[in-house]
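Residues per chain are reported as follows:
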Amino acid sequence: MDRRTPSRQQLIEWDHSFLWHPFTQMRDWLAEEPLVIARGEGNYLVDVDGRRYLDGVSSLWCNVHGHRHPDLDVALREQAERIAHSTLLGLASVPSIELARQLVDLAPAGLTRVFYSDAGATAVEIALKLAFQYWQLRGEPRRQKFVSLTEAYHGDTIGAVSVGYSEAFHRWYQPLLFEAIKLDPPHVFRWQRGLDAAAALDAALKQAEEVFARHGAEVAAAIVEPLMQGAAGMWDHPPEYLRALRDLTRRHGTLLICDEVAVGFGRTGRMFAVEHADVGPDLLCLGKGITGGYMPLAATLASEEIFQAFLAPYEDFRTFFHGHTYTGNALACAVACASLRVFEREGVLARVDQRAARLSALLQERVAPLAHVGDIRQLGLMTGIELVRERDGRVPYPTSERIGARVCRAVRDDDIILRPLGPVVILMPPLSVTDAEIEHLVDSVARAIARHA
Ligand SMILES: *Cc1c(COP(=O)(O)O)cnc(C)c1O
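Small disclaimer: the values here were computed from a predicted structure and weren't measured.

Engineer: Tell me about the overall build of the protein chain, residues and numbers included.
Structural biologist: Regarding its fold elements, the protein chain presents 16 helices and 16 strands. Relative to the compact-globule value of 22 Å for 453 residues, the protein chain shows a C-alpha radius of gyration of 22 Å, a close match. Taken over the C-alpha atoms alone, the protein chain extends approximately 60 × 60 × 45 Å along its principal axes. Counting across all 453 residues of the protein chain, residues that qualify as buried make up 51%.

Below, the structure written as structure tokens:
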């Protein structure tokens, strides 16, 4: 077998012949040559020609300490020399135990049990199924409904799509989905309705109160992306809103699921976003950054109360009958443990605060004044820059203009990789980003917006 890397042209031909890319209109994809990544170095991706690009969206929001971090590489190599994978069905394994202990230690108080899977979507499915079964086990089978936020995104499996429905993406699957009761978060609707931030919060709280007053006794759980709805286009909400959802779910005797797949592991400046609001959920979904962006791994953390409800003689069949072949994969858990050690050793969270302040100052100075910038939403190192055709009245660009894609395409000439969400340019560099890289990123984006919007 020839182990030499095929030529660039050969790779592109094979990609075009054999691959189907995620979230991609393949007609567009096939019309141009893709960038083929061969290596990574710190905050950079390196293509097959050796050209280096700043990884401006952390390889879709998952890279944390940069690529090829020596500590993570060593952890992976050392684990590979022991064992790559063994099952958690009927057996325990060293790295999955070590990681679970650390996650419980780091997570908000009251979350005592870790259930592993391999993607954010599966972490969400597991939380939904746990909540649903929990109420039957507790003798409250009427609690079958889920509450979620408008334009929430929780992943692409059927249950996750049910609570995270987006008309543009998911209308094809409508008949397959279960119904979720939607709450309008305080964010974007305030623009549509001409409200200020305080009035928007009041309106959102009032709606949430009404929904729970009407449906509270039938709700199995409310699910929310705390503080920042990522895939919606970085829709932020104040900590008060999250605290209110916690209060409402408690008052109505039901569960709160926090989906920290995107916001967890330092993106917002805290290890978990719920810390900004001092909120403890009943179920917590983790993914993306959990392994530092190295391996597919996810976890659903549950309260002891939920865990205890599943304990019974086997023949009662109260077991949580759910699992995946690679649940608790040893390579992934080992590299996740190493990533958590890096957080501590390098004082990562303190550094994120400094970098986020720098990013914020530069965005205000160089991007906010541009004519077509409608709004900038930032929390920690998660940022959305919303482009509008006209700032007065926030007139949007038509979808066919692909304004976000055009701007992100333009920054590639400055050796930066970005991926937009519609008209929102997303900046989400690894937590290891430097001040100089932030400045380069903001300058390039400002130039691209000035020229192309
Ligand atoms: C990305 C994301 C998911 C889905 O994670 P996958 O690993 O892509 O399945 C779920 N929830 C949120 C908030 C996300 O951002």
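Engineer: Would you mind going over the site of the ligand in detail, with residue names and values included?
Structural biologist: Close contacts around the ligand come from Trp61, Ala119, Gly120, Ala121, Tyr153, His154, Gly155, Glu225, Asp259, Val261, Ala262 and Lys288, and that covers them all. A distance of 2.7 Å separates an oxygen atom of the ligand from a polar atom in the backbone of glycine 120. Aspartate 259 places a polar side-chain atom, nitrogen or oxygen, 2.7 Å from a nitrogen atom of the ligand. With the chains in place, 82% of the 380 Å² that the ligand exposes on its own is no longer accessible.

Engineer: Before we move on, can you summarise the pairing of strand β2 (residues 44-47) with the specific residues and values?
Structural biologist: The alternating pattern of β2 places Tyr44 and Val46 on one face and Leu45 and Asp47 on the opposite face, and all of these are buried. In terms of strand pairing, strand β1 (residues 37-41) meets β2 through four bridges, oriented antiparallel. Bridging from a neighbouring strand, glutamate 41 pairs with tyrosine 44 of β2. As consecutive antiparallel partners, β1 and β2 are separated by two residues, and within that stretch glycine 42 has a phi angle of approximately 55°, a positive value. The sheet contact formed by β2 and strand β3 (residues 52-55) spans three bridges and is antiparallel.

Engineer: Report on the layout of surface pockets, specifying residues and quantitative values.
Structural biologist: A water-sized probe, rolled over the atoms, reveals where empty space remains. Approximately 770 Å³ is the volume attributed to the second largest pocket. Elements represented by at least two residues in the lining of the second largest pocket include exactly α5 (94-106), β4 (111-117), β12 (298-303) and α12 (304-309). Per element, the largest residue contribution to the lining of the second largest pocket is four residues, and it comes from β4. Residue composition of the lining of the second largest pocket, by class: 16 nonpolar, six polar and two charged.

Engineer: Run through the packing of aromatic side chains, naming residues and quoting values.
Structural biologist: Under the definition given, this model contains nine aromatic pairs. Ring geometry for tyrosine 314 and phenylalanine 317: centres 5.2 Å apart, planes at 65°, overall edge-to-face. You'll find tyrosine 314 and phenylalanine 317 in the same group, each marked exposed. Judged by centre distance (6.5 Å) and plane angle (85°), the rings of tyrosine 314 and phenylalanine 321 are edge-to-face. Accessibility expressed as a relative area gives 52% for tyrosine 314, which makes it exposed. Judged by its relative accessible area of 49%, phenylalanine 321 is partly exposed.

Engineer: Lay out the side chain of serine 166 in plain terms, naming residues and giving numbers.
Structural biologist: Among the structural elements, serine 166 can be located in the loop between α7 (158-163) and α8 (167-170). Non-local contacts of serine 166, meaning those with residues more than four positions away in its chain, are made with Glu151 and Arg171.

Engineer: If you had to explain the domain arrangement of the protein chain to someone new, which residues and values would you point to?
Structural biologist: Per the domain assignment, the segments making up the protein chain are domain 1 (35-68 + 348-452) and domain 2 (73-346). Centre-to-centre separation of domain 1 and domain 2, based on C-alpha positions: 26 Å. Counting residues at the interface gives 32 residues for domain 1 and 30 residues for domain 2. Of the roughly 2,500 Å² buried at the junction of domain 1 and domain 2 (both faces included), carbon and sulfur atoms supply 62%. The three residues of domain 1 that bury the most area against domain 2 are Trp61, Arg377 and Met382, which together make up 24% of that side's buried surface. Applying the counting rule to domain 1 against domain 2 returns two salt bridges. Its salt-bridge partner being arginine 68, residue aspartate 73 comes within 2.7 Å of it at the nearest N-O pair. In this assembly, domain 1 and domain 2 are joined by 14 residue pairs in polar contact (both at pLDDT 80 or more). Put simply, the parts of the chain that give the side of domain 1 that touches domain 2 at least two residues each are α3 (58-61), α14 (348-366), β13 (373-379), β14 (382-387) and β16 (424-427).

Engineer: Now, about the packing of α14 against helix α16 (residues 435-452): what can you tell me, with residues and values included?
Structural biologist: Between α14 and α16, the least distance of the axes is 10 Å, while the angle of their chain directions is 25°. Viewed along their axes, α14 and α16 adopt a mutual orientation that is roughly parallel. Crossing geometry of α14 relative to α16 is assigned as right-handed. Contact residues: α14 offers Arg355, Arg358, Leu359, Leu362, Leu363 and Arg366, while α16 offers Asp435, Ile438, Glu439, Val442, Asp443 and Ala446.

Engineer: Talk me through the pattern of salt bridges; I want residue IDs and the actual numbers.
Structural biologist: Within the structure shown, the criterion is met by 28 salt bridges. With a closest N to O distance of 2.3 Å, aspartate 71 and arginine 345 form a salt bridge. A residue pair is termed long-range when its members are at least 10 positions apart, and aspartate 71 in helix α4 (residues 70-82) and arginine 345 in helix α13 (residues 330-345) qualify at 274 residues. A residue is classified by how much of its surface remains accessible, and aspartate 71, at 26% relative accessible area, is partly exposed. The salt bridge partner of lysine 145 is glutamate 218, with a shortest N-O separation of 2.8 Å. Pair noted here: lysine 145 is in strand β5 (residues 145-149) and glutamate 218 is in the loop between α10 (197-215) and β7 (219-224), with a separation of 73 residues, a long-range link. Members of the salt-bridge network, linked through shared partners, are Arg358, Glu365, Arg366, Glu439 and Asp443.

Procedures and definitions
Residues numbered from 1 in each chain as written. Predicted model: local features only at pLDDT ≥ 70, side-chain atom pairs only at ≥ 80, totals over all residues. Heavy atoms only, no water. Helix = DSSP H or I, 4+ residues; strand = E, 2+ residues; numbered from the N terminus. Rg over C-alpha atoms; globule rule 2.2 N^0.38 Å. Buried < 20%, exposed > 50% of the residue type's maximum accessible area, 1.4 Å probe, protein only. Near = heavy atom within 4 Å. Polar contact = N/O pair within 3.5 Å; in protein donor to acceptor, adjacent residues only side chain to side chain. Areas by Shrake-Rupley, 256 points an atom, 1.4 Å probe, with all protein chains shown as cover. Pairing = 2+ DSSP bridges. 1 Å grid on protein atoms, 1.4 Å probe; cavity = no way out; pocket = protein on both sides within 12 Å on 5 of 7 lines; lining within 4 Å. Points joined across faces, edges and corners; volume = space filled by probe spheres on them. Nonpolar A, V, L, I, M, F, W, Y, C, P; charged D, E, K, R; others polar. Phe/Tyr/Trp six-rings, centres within 6.5 Å; stacked < 30°, edge-to-face > 60°. Contact = heavy atoms within 4.5 Å. Domains from an automatic or database assignment. Buried area = accessible area lost by both parts, 1.4 Å probe. Salt bridge = Lys/Arg side-chain N within 4 Å of Asp/Glu carboxyl O. Axes fitted to C-alpha atoms, helices over the stretch in contact; angles between N-to-C directions. Parallel < 35°, antiparallel > 145°, perpendicular 65-115°, else oblique. Left-handed = near helix turned anticlockwise from the far one by under 90°.

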